[in-house]
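The primary structure of each chain is shown beneath.
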Amino acid sequence: MSPLLSNILKNLTSPYKCSSSVVTRFSSYYHYSRFSTLQSSASSSLLKILPEVSEALAVGKPIVALESTILAHGLPPPENIQLARDLSKIIRSRGAVPATIAVKDGICRVGLTLDELSDLAISGVEKRASKCSTRELPLILAKHKMMLESNTPSTSSQWGATTVASTMRLAHMAGISTFVTGGTGGVHRGAETTMDISADLMELARTPVVVVSAGVKSILDIQRTLETLETNGVPTVAFGVDEFPAFFSPRSGVLAPARVESATEVARAYLASLELGLSNGMLVAVPNNDPAGASVEAAIQETLEEAIKLGITGRDVTPFILKRVAEKTKGDSLKSNISLVKNNAAIGADIAVSIANTKQRLNSKVYTGVVPSTLSGFKEVAQSPATHKLQEMPKSKSTSRVVVMGGTVIDLVAKPAPGQDLILATSNPGTCYESDGGVGRNIAEVLGRLGSEPILFSAVGEDSRGSSLLCRMEDEYNIGRERQHMEVVKGANTATYLAVLNSDGDLHTAIADMAVLSKIKIPDEETLSHADYLIVDANAPIESLVEAAKNARWAGTKVCFEPTSVPKAAMVSRNNQFMSSLTYAFPNIDELSAMSGQSNLVSNDLIQSAAKMVLNRMNQTESHLVITMGTKGVMLASKYEVKPIIFKRFEATVIPTNNCTGAGDTLAGAFIHALLNGHNEEEAVKLGMEKAILSIQCEDRAISPMI
């Protein structure tokens, strides 16, 4: 036995405060001299990359690797192929490209076509797929080559279904940094005598890939698994929780080595690990909150007690538990397994996007302590140990052609499980979602994703939510810190909106903690002097909105208004000084009714009449209303000095509706982006509607990452 393996199960804790697995958790600097270690292997004749994946690699687009064992052996048909389709949809909806990895006919494949996925899904039951961990890779490839040389080709495709370990290895060879799976292997119970330790842990110790899983099953020895990862210097974190997840259950009773709050934090830790020259991967454990998992975990714990009573030990423990749990839980284990993989895919895609965005952003910056290098973009210059931290060079004050002033909010939405009615005064099983929101922030995100580089004036609390949100704006939404004019308010909560929905998806009740938005900073004249447009929502106090509009007019900047809600639209519209400053406004029908004082806007004539009343109070030189009317489309109303008001109707595209919360904000942001790029108002409405469709189709975010 090697010295490394002999130490794995001693259950020792390092006496040092900062082991190599913890350094990356707190490292705040990195450059990119080591981002490509094995990518030259991608040209190997043994590795074939799907054209879509190859193109994504060439332009630095985020990619998420997926294993193939779950399709060939983990789930039965047709659930397995349906899961493959669902995972692809989830990953694409969040801005990344899926790449299922497998071995087909002696060639390592990175990315599969739909036909290949369908064949892989039935290969297990047809005995055409063999489990393929890292050690089996050369054996399977050699065996197929010998079959070809002996002229005994198979009549149908032969598959090697890759495990966590082999998928990591092939993903790294192809240049993919993020890999999503269900659960990782670990140290088996009784491994102190059997040495039954998953190869997944060894691969995590030597292959720099982020692995996103639901932790390890409680049939394994979770404590010793974490000790093994620590011994091998693998950064291991729980996503948003303190306990290390136990696959079916979000709780294991074992504290995770570290906790992260966001995909951005994972990306920064991973990139810091590369910068430090560490060869290990990173394990991100995501809690499984599917209610079905509770019954499975209960069955596991019950069966573990049975094994002890029956005296079952060593290698016999795991197969005994798997067999008994399957008998006890029936369909719950399958349901929970599918749910957790989908959840992991969403988190993994966010991590891949954040890694890609951070690489691109930092590769374009200049730092003290580094000089450009033709190979990697940066080359380190020797510094004394006391100052070995990269500091961004001082910049002149940032400028932009568009400034946004408005709310930055965390949206929390809770909904009971499908088919379950909401029961009051008790806990309800269901699903909870957290996403970034706030009208001003939403519009700024749209502008950032489209490349307009907005400056955002807003306010957050001095808390973990606010800190994480600021990181995401920089790394995911292209709103750099130099363009974040954020008031960080001590002792205040970041604005939070908590909504509880009923079983039909309708609002049951909600609580809005928005006090911090009264501290939103006001754009100054100097910043506005470089801007063509100032966009404001109604979240700041009316006095602040009036001051901002006044500064904009002094700077010659056009003011745009997103009413935010019916009560706020009514309140703001009563201020004549503010209304007369507006060149553009983006009300929906209800907000137009509040701004005009006219009710029951059920016809075109009534809508146009209300629009005239509002336009007559706006900027008299030029003013425009972009009125969103739901399934009836959009109406553009334009007024130029004394000329008659022009109305233009745009029909809506009929599509399935998943989420309308960010549609209006998306339209407003894309509309201004179009104006910035020389388009007229009619063309801007068309672009806005096109981008709004993407957000409507995004299930769990206000703004689609596909914009």
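Described below are features of the structure shown in this document.

Rules behind the numbers
- Residues numbered from 1 in each chain as written.
- Predicted model: local features only at pLDDT ≥ 70, side-chain atom pairs only at ≥ 80, totals over all residues.
- Heavy atoms only, no water.
- Helix = DSSP H or I, 4+ residues; strand = E, 2+ residues; numbered from the N terminus.
- Buried < 20%, exposed > 50% of the residue type's maximum accessible area, 1.4 Å probe, protein only.
- Contact = heavy atoms within 4.5 Å.
- Areas by Shrake-Rupley, 256 points an atom, 1.4 Å probe, with all protein chains shown as cover.
- Core = buried A, V, L, I, M, F, W, Y, C linked by side-chain atoms within 4.5 Å.
- Pairing = 2+ DSSP bridges.
- Axes fitted to C-alpha atoms, helices over the stretch in contact; angles between N-to-C directions.
- Parallel < 35°, antiparallel > 145°, perpendicular 65-115°, else oblique.
- Nonpolar A, V, L, I, M, F, W, Y, C, P; charged D, E, K, R; others polar.
- Phe/Tyr/Trp six-rings, centres within 6.5 Å; stacked < 30°, edge-to-face > 60°.
- Lys NZ or Arg CZ within 6 Å of the ring centre and 35° of its normal.
- Salt bridge = Lys/Arg side-chain N within 4 Å of Asp/Glu carboxyl O.
- Expected span 1.5 Å × (residues − 1).
- Left-handed = near helix turned anticlockwise from the far one by under 90°.
- Polar contact = N/O pair within 3.5 Å; in protein donor to acceptor, adjacent residues only side chain to side chain.

Take the overall build of the chain next. Looking only at helices and strands, the chain has 25 helices and 28 strands in total. In the chain, buried positions account for 54% of the 707 residues. Nonlocal contacts in the chain, meaning residues at least 24 apart in sequence, comprise 74% of its contacts between residues at least 6 apart. As displayed, the chain offers around 31,000 Å² of accessible surface, 53% of which is attributable to carbon and sulfur atoms.

Examined against the element boundaries, Thr 163 turns out to sit in the loop between strand S6 (159–162) and helix H8 (164–174). Given the relative accessible area of 7%, Thr 163 is considered buried. The residues contacting Thr 163, other than those within four sequence positions of it, are Glu 67, Thr 69, Lys 131, Cys 132, Ser 133 and Asp 200.

With that out of the way, let us pick up the nonpolar core. Side chains that are nonpolar tend, in soluble globular proteins, to be buried together. Val 53, Val 110, Ile 176, Val 210, Val 284 and Ile 351 are the most contacted members of the largest nonpolar core, which totals 107 residues. Sort the elements by how many residues they give to this core and helix H15 (residues 332–363) lands first, with 11 residues. Core analysis: the second largest hydrophobic core is formed by 48 residues, Ala 495, Leu 534, Ile 542 and Ala 548 among them.

Mapped onto the fold, Ser 252 is located in the loop between strand S9 (236–239) and strand S10 (259–260). Residues Ser 252 and Gly 215 lie 37 residues apart in sequence; the distance between their C-alpha atoms is 9.6 Å. Apart from residues lying up to four places away in sequence, Ser 252 is in contact with Ile 222, Glu 243, Phe 244 and Ala 246.

Residue placement: Leu 667 occurs in helix H24 (residues 663–676). A C-alpha to C-alpha distance of 9.1 Å links Leu 667 and Thr 628, two positions 39 residues apart in sequence. Those residues in contact with Leu 667 that sit more than four places away from it in its chain are Phe 586, Val 626, Thr 628, Val 634, Gly 688, Met 689 and Ala 692.

Turning next to the sheet that holds strand S19 (residues 455–461). In spatial order, the strands read S20-S19-S16-S23-S24-S25-S26-S27-S28; together these nine strands make up an open sheet with mixed pairing. If you trace the sheet from one side to the other, it starts and ends with strand S20 (484–489) and strand S28 (646–650), each paired once. Taken pair by pair, the neighbouring strands of this sheet meet at an average axis angle of 20°, ignoring direction. Each of strand S16 (402–405), strand S23 (533–537) and strand S24 (558–562) is contacted by helix H19 (residues 542–555), which is oriented at about 170° to S23, the strand it contacts most.

All right, on to the packing of H8 against helix H10 (residues 199–206) then. Here H8 crosses H10 at 25°, and the two axes come no closer than 8 Å. It follows that H8 is roughly parallel to H10 by the angle criterion. Contacts between H8 and H10 pair Val 164, Ala 165, Met 168 and Arg 169 from the former with Ala 199, Asp 200, Glu 203, Leu 204 and Arg 206 from the latter. For the contact of H8 with H10, the residue count by class is five nonpolar, no polar and four charged.

Attention now moves to the sheet that holds strand S22 (residues 507–513). The sheet built from four strands is open, its strands ordered S18-S17-S21-S22 with mixed pairing. Each edge of the open sheet carries a strand with a single partner, namely strand S18 (430–437) and S22. For this sheet, the mean inter-axis angle between neighbouring strands, taken without regard to orientation, is 15°. Pairing of strand S17 (residues 409–416) with S18, which is carried by eight bridges, proceeds in the antiparallel orientation. Counterpart to Pro 416 in the pairing with S18 is Gly 430.

This brings us to the packing of aromatic side chains. Under the defined criterion, the tally for this structure stands at five aromatic pairs. Ring centres of Phe 247 and Phe 248 lie 4.8 Å apart, and the angle between their planes is 85°; this geometry places the pair in the edge-to-face category. Each member of the pair Phe 247 and Phe 248 is classed as buried. Connected via pairs of aromatic rings, a cluster forms that spans Tyr 533, Tyr 584, Phe 586 and Phe 671. The ring of Phe 650 is capped by Lys 648, whose NZ or CZ atom sits 5.9 Å from the centre of that ring.

To continue, consider the pattern of salt bridges. Taken as a whole and judged by the stated rule, the model has 26 salt bridges. For Glu 690, the salt bridge goes to Lys 691, with nearest N and O atoms at 4.0 Å. Glu 690 gets classed as partly exposed once you look at its relative accessible area, which sits at 47%.

What follows covers helix H7 (residues 137–149). Taking 1.5 Å of rise per residue, 13 residues should cover 18 Å, and H7 covers 19 Å from first to last C-alpha, within 8% of that figure. At its buried positions, H7 is contacted by strand S3 (97–104), strand S4 (107–110), strand S5 (129–132), S6 and H8. Within two residues after H7, Asn 151 carries a phi angle of roughly 60°, on the positive side.

A cis amide bond links Pro 77 to the next residue, Pro 78, at an omega of 0°. Residue placement: Pro 78 occurs in the loop between helix H4 (69–74) and helix H5 (79–93). Unusually for a residue other than glycine, Phe 247 sits at a positive phi of about 65°. Inspection of the secondary structure puts Phe 247 in the loop between S9 and S10. Classification of Phe 247 by relative accessible area gives buried; the value is 3%. Phi at Asn 478 takes a positive value of approximately 60°, unusual for a residue other than glycine. Here Asn 478 lies in the loop between helix H17 (464–475) and S20.

As a further point, take helix H12 (residues 263–275). Because each turn of an α-helix spans 3.6 residues, side chains separated by three or four positions in sequence point in the same direction. For H12, with 13 residues, the first-to-last C-alpha span of 18 Å sits near the 18 Å given by 1.5 Å per residue. Within H12, 11 of the 13 residues are buried, which leaves it mostly tucked inside the rest of the structure. Inspection of H12 places Ala 263, Thr 264, Val 266, Ala 267, Ala 269, Tyr 270, Leu 271, Ala 272, Ser 273, Leu 274 and Glu 275 among the buried residues, and these make up the whole buried set. Gly 277 occupies a position one or two residues after H12 and carries a positive phi of about 80°.

A few words on the packing of helix H22 (residues 589–596) against helix H23 (residues 604–615). The axes of two packed helices give the description: the angle between them and the distance between them. Relative to each other, H22 and H23 sit at 50°, their axes nearing to 9 Å. Between H22 and H23, the interaxial angle falls into the category oblique. Seen from above, H22 lies across H23 with left-handed handedness. Touching Ile 589, Leu 592, Met 595 and Ser 596 of H22 are Ile 607, Ala 610, Ala 611, Met 613 and Val 614, all from H23. The class makeup of the residues in the contact of H22 with H23 is eight nonpolar, one polar and no charged.

Here we take up the side chain of Ser 573. Topologically, Ser 573 is positioned in helix H20 (residues 566–573). Side-chain polar atoms of Ser 573 contact the backbone oxygen of Ala 570, separated by 3.0 Å. What Ser 573 contacts, discounting residues up to four positions off in sequence, is Met 579, Ala 594, Met 595 and Arg 617.

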